[in-house]
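Next come the chains, spelled out residue by residue.
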Amino acid sequence: METALILLLGILITIQASESAKCKECEKCRPPATGKNLAPEGKAQQSSTHTKFRWATANLAIDGNIDTDARRLSCSITSMQKDPWWQLNLWRMIKIKAIVFYGRTNCCENSYIGAQIRVGLDIPGHESLVIQRFKDFTPHGRIAICVRAVWANYIRIEIIGRRDRLSVCEVEIYG
């Protein structure tokens, strides 16, 4: 497991990555069970949907199913393209405390290297804050990102600067 603390623009970010979706240490970064996952209240979109897997739509990443094996129809998958992205519009500003990201585990582990997670108050890419960049490790399975005092209504996961597919199995947002 890899853990990192980052101070970015006065915002403390804790990142815990795990090979296992049942990582006990990652629970430190996730609000208690009484916390409400706000992601299903939003609208998910992605840059495209894989032509072979037309069922792999953006909404699969906010349906509550944390299965990370896409063969079980649990993950969104874009087509092979330059700069693929997945985003969530929360419809209102939320003070985000944690984002939990579930990456695909049955294939394509290296596809997350170079990906980033952004949050913002406007259309993604405009005045948004990068809260996680996957450079030296792959979030194979579950990664929990704790943030303090980040107000946002958009969350965007994107691969910049290359052709690839982006697969997002589940995103949970806690405020």
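These numbers come from a predicted model, not from an experiment. Each chain has its residues counted from 1, running along the sequence as written. Residue-level local features of this predicted model are given only where pLDDT is at least 70; pairs of side-chain atoms are given and counted only at 80 or more, and the full residue set underlies all totals for whole chains, interfaces and linings. Excluded from the side-chain calculation are hydrogens and water; included are all heavy atoms of the structure.

Helix and strand assignments come from DSSP, with helices taken as H or I runs of at least 4 residues and strands as E runs of at least 2, each series counted from the N terminus. Helix and strand content of the protein: 0 helices and 11 strands. Each helix and strand of the protein, placed in order from N terminus to C terminus, yields the pattern β-β-β-β-β-β-β-β-β-β-β. In the protein, buried positions account for 54% of the 175 residues. Intrachain contacts of the protein at a sequence separation of at least 6 include 76% that bridge at least 24 residues. Taken as a whole, the protein presents about 8600 Å² of accessible surface, with 53% of it coming from carbon and sulfur. Accessible area is worked out with a 1.4 Å probe on protein chains only. A residue is then buried under 20% of its type maximum, exposed over 50%, and partly exposed in between. When checking whether two residues touch, look at their non-hydrogen atoms; a contact exists if any pair is within 4.5 Å. Here the accessible surface of atoms and residues is derived via Shrake-Rupley with a 1.4 Å probe, and residues count as covered only by protein chains that are part of the display.

Patch membership is restricted to residues that have no salt bridge and whose relative accessible area is over 30%. Joining uses 9 Å for like charges and 5 Å for the nonpolar side chains Val, Leu, Ile, Met, Phe, Trp and Tyr. Salt bridge, as used here, is a side-chain nitrogen of Lys or Arg placed within 4 Å of a carboxyl oxygen of Asp or Glu. A cluster of nonpolar residues, Met93, Leu121 and Trp151, forms a patch on the protein surface that exposes about 340 Å² of accessible area. The exposure class of Trp151 is partly exposed, given its relative accessible area of 47%.

Our focus in this paragraph is the environment of Leu90. Tracing the sequence through the fold places Leu90 in strand β6 (residues 85–103). Distance from Leu90 to Lys43, taken between C-alpha atoms, is 6.6 Å for residues 47 residues apart in sequence. Excluding anything up to four places from it in sequence, Leu90 contacts Leu38, Ala39, Gly42, Ile96, Ala152, Asn153, Ile155 and Ile173.

Let us look at the nonpolar core. Definition used in this section: a nonpolar core is a set of buried Ala, Val, Leu, Ile, Met, Phe, Trp, Tyr and Cys residues joined via side-chain atoms within 4.5 Å. Among the nonpolar cores identified, the biggest contains 30 residues, and Trp86, Leu88, Ile96, Ile155 and Ile173 are the most heavily contacted of them. Going through the elements one at a time, β6, β7 (115–120), β9 (142–159) and β11 (167–174) are the ones with two or more residues in this core. In terms of residue count, the dominant contributor to this core is β9 (8 residues). Apart from residues no more than four positions distant in its own chain, Ile155 is found in contact with Trp86, Gln87, Leu88, Leu90, Ile96, Ile99, Ile117, Arg118, Val119 and Ile173. Of all hydrophobic cores here, the second largest spans 11 residues; its members include Ala56, Cys75, Tyr102 and Cys146.

What follows deals with the state of the cysteines. Working definition: a disulfide is two cysteine sulfur atoms within 2.5 Å of each other. With the rule as written, the count across this model stands at 1 disulfide. Put simply, Cys75 and Cys169 are joined by a disulfide, and their sulfur atoms are 2.0 Å apart. Classification of the bridge connecting Cys75 and Cys169 rests on its S-S torsion, roughly 90 degrees, and on that basis the disulfide is right-handed. A residue pair is termed long-range when its members are at least 10 positions apart, and Cys75 in the loop between β3 (43–46) and β4 (76–77) and Cys169 in strand β11 qualify at 94 residues. Accessibility classification places Cys75 together with Cys169 in one group, the buried group.

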